[in-house]
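Here's the letter readout for the chains.
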Amino acid sequence: MHPILAVGLGEILWDVLPQTRMLGGAPANFAYHVNALGGAGVPVSRVGDDDLGREALSLLVCLGLNIDAVSLDQDHPTGTVDARVDADGVATYVFSDDVAWDFLTLDESALTLASNADVVCFGSLAQRAEVSRRAIHHFLAATKKGLKVFDINLRQDFYSADILAASLDAADVLKINDAELDAVTGLFSLPPGEQPALRALMERHDLDLAVLTRGDKGSLLMSPDAVSDLPGEPVEVVDTIGAGDAFTAALVLGYLKQWPLDEINRYAAAVAAYVCSQPGAMPEMPGELRLA
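Residues numbered from 1 in each chain as written. Predicted model: local features only at pLDDT ≥ 70, side-chain atom pairs only at ≥ 80, totals over all residues. Heavy atoms only, no water.

### Here's the deal with the sheet that holds strand β8 (residues 119-122)
Line of reasoning, step 1. Strand order in the open sheet formed by nine strands is β5-β4-β1-β8-β9-β10-β11-β12-β13, with mixed pairing between adjacent strands. Strand pairing shows two members of the sheet lacking a second neighbour, β5 (70-73) and β13 (226-230), which therefore form its edges. Each neighbouring strand pair of the sheet contributes to a mean axis angle of 15°, computed without reference to strand direction.
Line of reasoning, step 2. Its contacts with the sheet place helix α6 (residues 178-188) against β10 (173-177) and β11 (209-213), and it is angled at close to 105° to β10. (Pairing = 2+ DSSP bridges. Helix = DSSP H or I, 4+ residues; strand = E, 2+ residues; numbered from the N terminus. Axes fitted to C-alpha atoms, helices over the stretch in contact; angles between N-to-C directions. Contact = heavy atoms within 4.5 Å.)

### Quick word on the pattern of salt bridges
Line of reasoning, step 1. All chains considered together, the criterion is met by twelve salt bridges.
Line of reasoning, step 2. For Asp 49, the salt bridge goes to Arg 54, with nearest N and O atoms at 2.8 Å.
Line of reasoning, step 3. Judged by its relative accessible area of 34%, Asp 49 falls in the partly exposed class.
Line of reasoning, step 4. Between Asp 118 and Lys 145 there is a salt bridge, with its nearest N and O atoms 3.3 Å apart. With Asp 118 in the loop between α3 (108-116) and β8 and Lys 145 in the loop between α4 (130-142) and β9 (147-151), the pair connects residues that are 27 residues apart, well separated along the chain.
Line of reasoning, step 5. Overall, Asp 118 belongs to the partly exposed group, its relative accessible area being 23%.
Line of reasoning, step 6. Lys 145 gets classed as exposed once you look at its relative accessible area, which sits at 56%.
Line of reasoning, step 7. It is possible to trace a salt-bridge network through shared partners that takes in Asp 49, Asp 51 and Arg 54. (Salt bridge = Lys/Arg side-chain N within 4 Å of Asp/Glu carboxyl O. Buried < 20%, exposed > 50% of the residue type's maximum accessible area, 1.4 Å probe, protein only.)

### Looking at the side chain of Ser 223
Line of reasoning, step 1. Looking at the secondary structure, you find Ser 223 in strand β12 (residues 219-223).
Line of reasoning, step 2. Ignoring anything within four residues of it in the chain, the contact list for Ser 223 reads Arg 199, Met 202, Asp 208, Leu 209 and Leu 261.

### Overview of the sheet that holds strand β6 (residues 79-85)
Line of reasoning, step 1. Spatial ordering of the open sheet is given by β3-β2-β6-β7, a layout of four strands whose pairing is mixed. One side of each edge strand has no neighbouring strand; the edge strands of this open sheet are β3 (21-24) and β7 (91-95). Across the sheet, the mean angle from the axis of one strand to that of its neighbour is 30°, orientation sign disregarded.
Line of reasoning, step 2. Here strand β2 (residues 13-16) pairs with β3 via four bridges, running antiparallel. In the strand pairing of β3, Trp 14 is matched with Leu 23.
Line of reasoning, step 3. Helix α2 (residues 51-62) contacts β2, β3 and β6 of the sheet and is inclined by roughly 65° relative to β3.

### Notes on the layout of surface pockets
Line of reasoning, step 1. Its boundaries defined by the atoms lining it, the largest pocket holds a volume of some 1300 Å³.
Line of reasoning, step 2. In terms of lining residues, the largest pocket is bounded by 49 residues, among which Asn 177, Gly 215, Thr 240, Ala 243 and Gly 244 are the most central.
Line of reasoning, step 3. The set of elements that each furnish at least two residues to the lining of the largest pocket consists of β2, α1 (26-36), β7, β10, α6, α8 (243-256) and α9 (261-276).
Line of reasoning, step 4. Per-class residue counts for the lining of the largest pocket are 22 nonpolar, 14 polar and 13 charged. (1 Å grid on protein atoms, 1.4 Å probe; cavity = no way out; pocket = protein on both sides within 12 Å on 5 of 7 lines; lining within 4 Å. Points joined across faces, edges and corners; volume = space filled by probe spheres on them. Nonpolar A, V, L, I, M, F, W, Y, C, P; charged D, E, K, R; others polar.)

### Focus on the packing of α4 against helix α5 (residues 161-170)
Line of reasoning, step 1. Between α4 and α5, the least distance of the axes is 11 Å, while the angle of their chain directions is 15°. Taken together, α4 and α5 sit at an angle that is classed as roughly parallel. The handedness of the crossing between α4 and α5 is left-handed. Side by side, α4 and α5 meet where Arg 133, His 137 and Leu 140 of the first sit next to Ile 163, Ala 166, Ser 167 and Ala 170 of the second. (Parallel < 35°, antiparallel > 145°, perpendicular 65-115°, else oblique. Left-handed = near helix turned anticlockwise from the far one by under 90°.)

Right, here's the structure in full:
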């Protein structure tokens, strides 16, 4: 049986912290975690033809990822983001502009990957520029059988109601955190309350699953006919970088294996809690969390 083929579509970048830098970007993190959990995670992105780009590609290979669909940009630098981590381990981000992933393009191998993918995860950040936004929706349109997961990832002011609505229309699954749900509730005049707001989004955009994460306050999964609302996993937080992407990776693996929502929720929470207990977005995954 082939492992689940899961594409992380969008940005690859370096999180630049006060003392160090770490490779990241939600789609790259997602692909890494799928791979680490026993699937086949593949990033589709673009880096600069520069030292940071070459270092990123080398590190992705060392982490066991296929980089055939990561293109090189001769004209724009590899993306970076200034990440600041507060006393509670929570990260905030400031992104540089006009970087390689803003100019994502697709070749035939990327479109073949789209047609073969079991799942594609994408967000809003990599759609801030028109070139990459067109490429992302082209990839989604070429995804014949795969589950499309919109991990909304609101950052700064790099989104609009139109971008979010088009992405929701293209998706089967929405993943959102509590702060993002507050923003989207205002933007789309959703009914108050977590479940009514999510149910409204599901009905408007014909979603199969809506997923809300609340950090240490747990997570809520809603399908048309079931709800799973579980408390958070107790964990000593080192930092939260990559934890949401790890949750998404575990979530889609369980969902595609047709687990009950509570089982999916517990597994995803355990994976995210482990990542919170480790430094950086892509820690080595312990064997007991792997599915194969």
